[in-house]
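Letter by letter, the chains look like this.
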Amino acid sequence: MNQLKSTISLAVVAAIVLTVVSGAIHGRSAKQSTLEHAYRNTELAFSNLPEKFGDWYLEGEHALSDSALELLECGAFIHHSYRHRETGQVVNLAVMVGPGAKMSIHVPEICFEARNFRLIQERQPEQVDRDCFWQVGFQLNDVSERKLNVYYGWKVEDEWVAPKMPRWAVAGQPVLYKLQLSEHVSAAGQDEGGARDFLTHFLPLLNEQLDQVSVGSDTQLASVHQIDAKEDEKSLTAGQADLD
């Protein structure tokens, strides 16, 4: 009798494990499908961005290296250069989307110092209307000593933010956008300020497009999490009743 009871209990436990594992696989599959949908919508949003705005116009479109795409698990991106019609100044822009755990941990302070730049200005918050970015300064290690100003931040809900510890503040986002903008300026700095002017004109256009994507993606991701939670709860409840 005891052996029969033990056999039944083991069978019930195995059924519970199988149900939970199946639910987890289904949850991951549904989440991946939702992420891919968000990435496709983001690519569409990027394609709707105008090539000219204010005094700025699109000068070039660039690729990201395969290693960068793999490292960041980047689902969609733009990597553009823009030129100011009057001053001729050029800024380089990258907007990327991927899992928060990957997008949150790579910052310019690490990347640029490995590319023949040295840090000359610690990061400081820079407010652009309702949005906030980190702004950090580098200097090229050659005779020109040209400066490089870099702005970067992450999009959470309807705002761009600059958290002190991004890997804690935004790494949990299932879909996370990152913006990085750079401008080369002379050692004297007389041509400084183009990047901020660019953001003032570009951000409203970008936010309008991404906010439309975020609404649908957030709703779908919330639904996936709710389904996962309900399936786990049902599995555990059923298993407990059988064991009793």
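Since this is a predicted model, take the numbers as computed values, not measurements. (Residues numbered from 1 in each chain as written. Predicted model: local features only at pLDDT ≥ 70, side-chain atom pairs only at ≥ 80, totals over all residues. Heavy atoms only, no water.)

K.L.:
Sorry, what's going on with the side chain of Glu-109 here?
P.N.:
As for its placement among the helices and strands, Glu-109 is situated in helix 4 (residues 108–111). The buried charged residue Glu-109 lacks any salt bridge partner; its closest oppositely charged side chain belongs to Arg-123, at an N-O distance of 4.6 Å. Here the side chain of Glu-109 touches Tyr-152 through a polar contact of 2.8 Å, side chain to side chain. Not counting the four nearest positions on each side in its chain, Glu-109 is found in contact with Arg-123, Val-136, Phe-138 and Tyr-152. (Helix = DSSP H or I, 4+ residues; strand = E, 2+ residues; numbered from the N terminus. Buried < 20%, exposed > 50% of the residue type's maximum accessible area, 1.4 Å probe, protein only. Lys, Arg positive; Asp, Glu negative; His and termini not counted. Salt bridge = Lys/Arg side-chain N within 4 Å of Asp/Glu carboxyl O. Polar contact = N/O pair within 3.5 Å; in protein donor to acceptor, adjacent residues only side chain to side chain. Contact = heavy atoms within 4.5 Å.)

K.L.:
What am I meant to see in the pattern of salt bridges here?
P.N.:
Note on pairing: side chains with opposite charge can pair once their charged atoms come close. Counted under the stated rule, the structure contains eight salt bridges. Of the charged contacts in the structure, one is a salt bridge between Arg-130 and Asp-131, with a shortest N-O distance of 4.0 Å. Here Arg-130 falls in the partly exposed class, since its relative accessible area comes to 39%. Taking the relative accessible area as the measure of exposure, Asp-131 reaches 3% and is therefore buried. Through salt bridges with shared partners, one network takes in Arg-130, Asp-131, Lys-155, Asp-158 and Asp-211.

K.L.:
In this structure, what is going on with the environment of Asn-141? I would like to understand it.
P.N.:
By the secondary structure assignment, Asn-141 is in the loop between strand 6 (131–140) and strand 7 (147–156). With relative accessibility at 34%, the residue Asn-141 sits in the partly exposed group. Here the alpha-carbon distance between Asn-141 and Arg-115, two residues 26 residues apart in the chain, equals 9.3 Å. With residues up to four places along the chain from it excluded, the contact list for Asn-141 reads Asn-116, Phe-117 and Arg-118. Of the polar contacts made by the side chain of Asn-141, one reaches the side chain of Arg-118; its length is 2.7 Å.

K.L.:
I'm lost on the pairing of strand 5 (residues 117–128) in this one. Help?
P.N.:
For a regular strand, side chains alternate in direction, first toward one face of the sheet and then toward the other. Where strand 5 lies against strand 6, nine bridges are found, and the strand directions are antiparallel. Bridge pairing in strand 6 links Gln-124 to Gln-135. Taking the residues between adjacent antiparallel strands as the criterion, strand 5 and strand 6 are bridged by two residues, where Asp-129 takes a positive phi near 55 degrees. (Pairing = 2+ DSSP bridges.)

K.L.:
Can you walk me through the side chain of Gln-139 in this structure?
P.N.:
Residue placement: Gln-139 occurs in strand 6. For Gln-139, a relative accessible area of 12% puts it in the buried group. Within the structure, Gln-139 has its side chain in polar contact with the side chain of Arg-118 (distance 2.4 Å). Look past the residues within four positions of Gln-139 in its chain and what remains in contact with it is Asn-116, Phe-117, Arg-118, Ile-120, Glu-145, Arg-146 and Lys-147.

K.L.:
I would appreciate a short explanation of the packing of aromatic side chains in the present structure.
P.N.:
For any pair of aromatic rings, geometry is given as the distance between the ring centres together with the angle between the planes. A full pass over the atoms with the stated rule returns eleven aromatic pairs. Consider the rings of Tyr-82 and Phe-198, whose centres lie 5.0 Å apart with planes at 45 degrees: the pair is tilted. In this pair, Tyr-82 is assigned in strand 3 (residues 76–84) and Phe-198 in helix 6 (residues 194–243), connecting sequence segments 116 residues apart. For the pair Tyr-82 and Phe-198, a shared accessibility class is recorded, and that class is buried. (Phe/Tyr/Trp six-rings, centres within 6.5 Å; stacked < 30°, edge-to-face > 60°.)

K.L.:
In this structure, what is going on with the pairing of strand 4 (residues 90–98)? I would like to understand it.
P.N.:
In terms of burial, strand 4 is a largely internal element, seven of the nine residues being buried. Judged from the eight bridges that link them, strand 3 and strand 4 form a sheet pairing that is antiparallel. Residue pairing across strands places Ser-81 opposite Asn-92, the latter belonging to strand 4. One ladder, built from eight bridges, connects strand 4 with strand 9 (residues 176–185); its direction is antiparallel. Paired with Val-97 across the strands is Tyr-177, a residue of strand 9.

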